Amino acid sequence: MKQVRGFSRRSVRRRTGRVLVEGPQGVREAVRFAPERIRDLYVTAEAARRYADFVEPARGRGVVVHEASEEVLAAMCDADTPQGTAAVVDWTPSTLESVLAREPRLLVLLTHVRDPGNLGTVIRGADAAGADAVLVSEGSVDVTSPKVVRSTAGSIFHLPVVTGLDVAATLAALDDAGVRRLAADGMGEQTIDEIDLTTAHAWVMGNEARGLEPATREACDDVVRVPIHGHAESLNLAMASTLCLYASARSQRPT
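Remember, predicted model here, so these are calculated numbers, not experimental data. (Residues numbered from 1 in each chain as written. Predicted model: local features only at pLDDT ≥ 70, side-chain atom pairs only at ≥ 80, totals over all residues. Heavy atoms only, no water.)

**Overview of the pairing of strand β1 (residues 18–22)**
Counting buried residues along β1, four of its five residues qualify, which places the element largely inside the surrounding structure. As paired strands, β1 and strand β4 (residues 85–90) are joined by five bridges and run antiparallel to one another. If you follow valine 21 over to β4, its bridge partner there is alanine 87. (Buried < 20%, exposed > 50% of the residue type's maximum accessible area, 1.4 Å probe, protein only. Helix = DSSP H or I, 4+ residues; strand = E, 2+ residues; numbered from the N terminus. Pairing = 2+ DSSP bridges.)

**Here's the deal with the sheet that holds β4**
Reading across from one edge, β1-β4-β2-β3 is the order of the four strands in this open sheet, with mixed pairing throughout. Strand pairing shows two members of the sheet lacking a second neighbour, β1 and β3 (65–67), which therefore form its edges. Averaged over neighbouring strand pairs, the angle between their axes works out to 20 degrees when direction is ignored. Pairing geometry for strand β2 (residues 38–43) and β3, over three bridges, is parallel. Its bridge partner lying in β3, leucine 41 is registered against valine 65. (Axes fitted to C-alpha atoms, helices over the stretch in contact; angles between N-to-C directions.)

**Focus: helix α3 (residues 24–33)**
Among the ten residues of α3, seven are classified as buried, and the element is accordingly described as predominantly covered. Along α3, the positions that sit buried rather than exposed are Pro24, Gly26, Val27, Arg28, Glu29, Ala30 and Val31. Considering only its buried residues, α3 is in contact with β1, β2, α5 (52–60) and β4. (Contact = heavy atoms within 4.5 Å.)

**Considering the nonpolar core**
Counting residues in each nonpolar core, the largest one holds 56 residues, and the members touching the most others are Val108, Leu110, Leu119, Val134 and Trp203. For this core, the element with the highest residue contribution is helix α12 (residues 237–252), accounting for seven residues. Leave out the neighbours within four places in its chain, and leucine 119 touches Leu110, Val113, Val136, Val141, Val143 and Val148. In this structure, Leu96, Leu109, Val167 and Leu171 belong to the second largest nonpolar core, which totals 18 residues. (Core = buried A, V, L, I, M, F, W, Y, C linked by side-chain atoms within 4.5 Å.)

**Description of the sheet that holds strand β8 (residues 180–184)**
Hydrogen bonds along the backbone pair up the strands of a sheet, which may run parallel or antiparallel. Overall, parallel pairing links the seven strands, which are arranged β7-β6-β5-β10-β8-β11-β9 in an open sheet. Both edges of this open sheet fall to β7 (161–165) and β9 (190–191), since each of them pairs with a single strand only. In the sheet, strand β5 (residues 106–110) pairs with strand β10 (residues 201–205) via five bridges, with the strands oriented parallel. From the neighbouring strand, leucine 110 faces β10, where its bridge partner is methionine 205. Where helix α10 (residues 167–176) meets the sheet, its contacts fall on β5, β6 (133–137), β7, β8 and β10, and the angle it forms with β8 comes to roughly 135 degrees.

**Considering the UniProt feature "domain: RNA 2-O ribose methyltransferase substrate binding" (unreviewed entry) in the protein chain**
Residues annotated in UniProt with the feature "domain: RNA 2-O ribose methyltransferase substrate binding" (unreviewed entry) correspond here to residues 20–95. Within the segment residues 20–95, helix and strand shares are 42% and 24% respectively, and the terminal C-alpha atoms sit 21 Å apart. (UniProt positions renumbered as here; feature names shortened; annotations may be inferred.)

**Side note on the pattern of salt bridges**
In this structure the tally under the stated criterion is 15 salt bridges. Across the pair arginine 39 and aspartate 90 runs a salt bridge whose closest N-O atoms are separated by 2.2 Å. Taken as a pair, arginine 39 in strand β2 and aspartate 90 in strand β4 lie far apart in primary sequence, 51 residues in all. Notably, a salt bridge pairs arginine 50 with glutamate 46, separated by 2.4 Å at the nearest N-O pair. Residue arginine 50 and its partner glutamate 46 are located together in helix α4 (residues 45–50), separated by four residues, close to a single helical turn. (Salt bridge = Lys/Arg side-chain N within 4 Å of Asp/Glu carboxyl O.)

**Remarks on the packing of aromatic side chains**
Taken as a whole, this structure holds one aromatic pair when the rule is applied. Ring centres 5.6 Å apart and planes at 20 degrees place the aromatic pair tyrosine 51 and phenylalanine 54 in the stacked group. As far as the burial class goes, tyrosine 51 and phenylalanine 54 line up, both buried. (Phe/Tyr/Trp six-rings, centres within 6.5 Å; stacked < 30°, edge-to-face > 60°.)

Right, here's the structure in full:
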């Protein structure tokens, strides 16, 4: 129990290369997309019956399934209500080189994102929009934290997530790979409805409080804004990222 609880600490996750996935949706997607990476799966007796759609396939694939009481599972997990299931999963980070080698059409680069819910929601939105990968700069919240993993709702197992990136070096690598850099900024002269999104590109998003650093904005090919038609001062990072990504999906996947 203490060992599993330890995965709430970044130092333990880094040392072991493992993360804790809490809740049925995240565990289900781990079983579907990365069963070979699951080290242990924990369920209550009720959850084993309720979520037999992924618990039994996990057993069939050789995953070790442990039955635990609700009290023990709650003590293991970071979430207040883990919903009866959790899994310890090997974390295999992707690299920028491997992402660019696949000639991506749609990426999002998050620079210095600090809120776990924002990062997880952007990963989930990028997955839904059909993005090829999510890139995360150094100085950002740890993508393996339980709060981030939970908020992805399993999308963290669907697409590559590259972390710890130097922003300037990443922008240069995108340019070398022929990927346009689109800075999402409220001061942009063009809107997401006006800019050409049919070519390969990466949305570059700023910090929740400060936005994009001037040097980052200037290094991009275009500065683009999400139009605000009402009286809201701005959109939060996760919402703006999702709108930008879906504008790209609409242009690249018109049918």
